[in-house]
Amino acid sequence: MLDFLRFQPSQEKIWDSFVPRTNNGTLFHLRSFLNYHPKSRFNDHSIIVKKKGSLFSLFPAAEQFVKGKKILVSHPGATVGSFTLPENLSIADAINLVEKLIEYAKKENFQCIRISLPPNLYQRRLSNYMEYSFFRLGFFYAKREVTSILFLEETIEKTKRKFRASHLRAVRKATEKNIVVKQSKNIGAFYTILKNNLEIRHGVFPTHTLQELTHLFNLFPDKIKLFAAFLDDLMIAGVVTFQINPRVLLAFYISHDERYSELRAVNILFYNIFEWAIKVKIKIFDFGIFTVNGKPNMGLGRFKENFGASGIFRDTIELNLDS
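So, here's what we can say about the structure.

Here we look at the side chain of T291
- Mapped onto the elements, T291 comes out in strand β14 (residues 291-292).
- At a separation of 2.4 Å, a polar atom in the side chain of T291 contacts the side chain of E145.
- In this structure the side chain of T291 is engaged in a polar contact, spanning 3.0 Å, whose partner is the backbone nitrogen of V146.
- Residues within four places of T291 in sequence aside, it is in contact with E145, V146 and P296.

Re the packing of helix α3 (residues 91-107) against helix α4 (residues 129-136)
- In the contact formed by α3 and α4, the axes pass within 9 Å of each other and the chain directions differ by 45°. Of the possible angle classes, the one that applies to α3 and α4 is oblique. Between α3 and α4 the crossing geometry is right-handed. When α3 is examined against α4, the residues I91, A94, I95, L97, V98 and L101 are found in contact with a partner set consisting of Y129, M130, Y132, S133, F134 and R136.
- Residues belonging to the contact of α3 with α4 are distributed by class as follows: ten nonpolar, one polar and one charged.

What to know about the sheet that holds strand β13 (residues 284-289)
- Strand order across the open sheet formed by eleven strands is β2-β5-β6-β7-β16-β8-β13-β12-β11-β10-β9, with mixed pairing between neighbours. Among the strands making up the open sheet, the edge pair consists of β2 (43-44) and β9 (179-184).
- One ladder, built from five bridges, connects strand β7 (residues 112-116) with strand β16 (residues 310-320); its direction is antiparallel. Bridge assignment links I113 to a residue of β16, and that residue is L319.
- Strand contacts of helix α9 (residues 265-279): β8 (140-151), β9, β10 (224-231), β11 (234-245), β12 (248-256) and β13, with the helix running at about 35° to β11, the strand carrying the most contacts.

Focus on the sheet that holds strand β1 (residues 2-6)
- Taking strand neighbours across the sheet as the criterion, the three strands line up as β1-β3-β4 in an open arrangement whose pairing is antiparallel. Each of the sheet's edge strands pairs with one partner strand only, and the pair in question is β1 and β4 (54-59). For this sheet, the mean angle separating the axes of adjacent strands, direction not counted, is 30°.
- Judged from the five bridges that link them, β1 and strand β3 (residues 47-51) form a sheet pairing that is antiparallel. Looking at the pairing, F4 lines up with V49 of β3.
- Contacting β1, β3 and β4, α3 runs over the sheet at an angle of about 45° to β1.

A short note on empty space enclosed by the protein
- In this structure the tally under the stated criterion is one cavity of 30 Å³ or more.
- Size it by volume and the largest cavity reaches roughly 160 Å³.
- Residue lining of the largest cavity: 16 residues in total, with N24, L85, N120, M130 and E131 positioned closest to the centre.

Focus on the pairing of β10
- Extensive coverage of β10 is indicated by the burial of seven of its eight residues.
- Here eight bridges tie β10 to β11, and the two strands are oriented antiparallel to one another. Along β11, the bridge assignment pairs L231 with L234.
- Taken together, β10 and the strand that follows it, β11, pair antiparallel across an intervening segment of two residues, in which D232 is found at a positive phi of about 55°.

Details of the environment of F220
- Structurally, the position occupied by F220 is in the loop between α8 (210-219) and β10.
- Distance in space between the C-alpha atoms of F220 and F303 is 29 Å, their sequence separation being 83 residues.
- Apart from residues lying up to four places away in sequence, F220 is in contact with L27, L30, S32 and F33.

Considerations on helix α6 (residues 165-176)
- Taking 1.5 Å of rise per residue, twelve residues should cover 16 Å, and α6 covers 17 Å from first to last C-alpha, within 8% of that figure.
- Within α6, burial applies to H167, A170, V171 and A174. Around the axis of α6, the buried residues are gathered within 100° of arc, so they sit on the same side.
- Once α6 finishes, N178 follows within two positions and takes phi at roughly 65°, a positive value.

About the thresholds
- Residues numbered from 1 in each chain as written.
- Predicted model: local features only at pLDDT ≥ 70, side-chain atom pairs only at ≥ 80, totals over all residues.
- Heavy atoms only, no water.
- Helix = DSSP H or I, 4+ residues; strand = E, 2+ residues; numbered from the N terminus.
- Polar contact = N/O pair within 3.5 Å; in protein donor to acceptor, adjacent residues only side chain to side chain.
- Contact = heavy atoms within 4.5 Å.
- Axes fitted to C-alpha atoms, helices over the stretch in contact; angles between N-to-C directions.
- Parallel < 35°, antiparallel > 145°, perpendicular 65-115°, else oblique.
- Left-handed = near helix turned anticlockwise from the far one by under 90°.
- Nonpolar A, V, L, I, M, F, W, Y, C, P; charged D, E, K, R; others polar.
- Pairing = 2+ DSSP bridges.
- 1 Å grid on protein atoms, 1.4 Å probe; cavity = no way out; pocket = protein on both sides within 12 Å on 5 of 7 lines; lining within 4 Å.
- Points joined across faces, edges and corners; volume = space filled by probe spheres on them.
- Buried < 20%, exposed > 50% of the residue type's maximum accessible area, 1.4 Å probe, protein only.
- Expected span 1.5 Å × (residues − 1).
- Arc of directions from axis to C-beta.

Set out below in structure tokens:
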């Protein structure tokens, strides 16, 4: 028997200590991450699930109104959400989780449920029980994006064998041009590069403000890092990485100064990031999506493939409750 209870702020420590013990918990599930948003931005409606009185699962979520429709979203302030799960999740419990979620949402007068699913490879023990249960009970794909995944080998030399010749040449070129890669705390310098690059290429702004990004770095100095490429003392490119869990590293922001693009600083950046990740026993590097609303950026996809990456789905699913 599963009981769904609305999360209370007094339960934050219990929540955050539970997330790392689950099969698929991520940085994005932590209250300490979700709380960086201003309280006025989201109306939190996270859920704690108990089984026979013991903590069983967590569901980070918020209420949103879209076109007058009340929606339960997991979670609008995070890249991925959905339930945290025990490693030994049974098919019976998976189906029951979804059944009870639907029952709870209807009781709370929600008209729709929207969930951003973590890629399956974020799990320690692979299972499709939840996806099976969601679709068995009527959920449908609202959006399917493709993210690029690289499996890291036990050494950088073995990982480098996956690179296409063009990327190997680019790394050598950057080395010859004396491009130096190191971890940096100069978030402001990187943010200027990022903001300019996004405006020039896409006419958009970064997901985070400089203040928010700086706050996240201060909150998670061991999990969120800036790897930057320098020409002499000038930062010319950078990658902000989020360590999702002990196995997965996600590239959240990737950007470079267009004036120095011929130096191939981004290529040598990734080479050095892979080298660092292997040393700290990370197994999977997630480059992030190269599709927007299902439309691929072929050049970006090819750039990631040239490191040896392949594509897997990052899905958003929905269930309409009006009928």
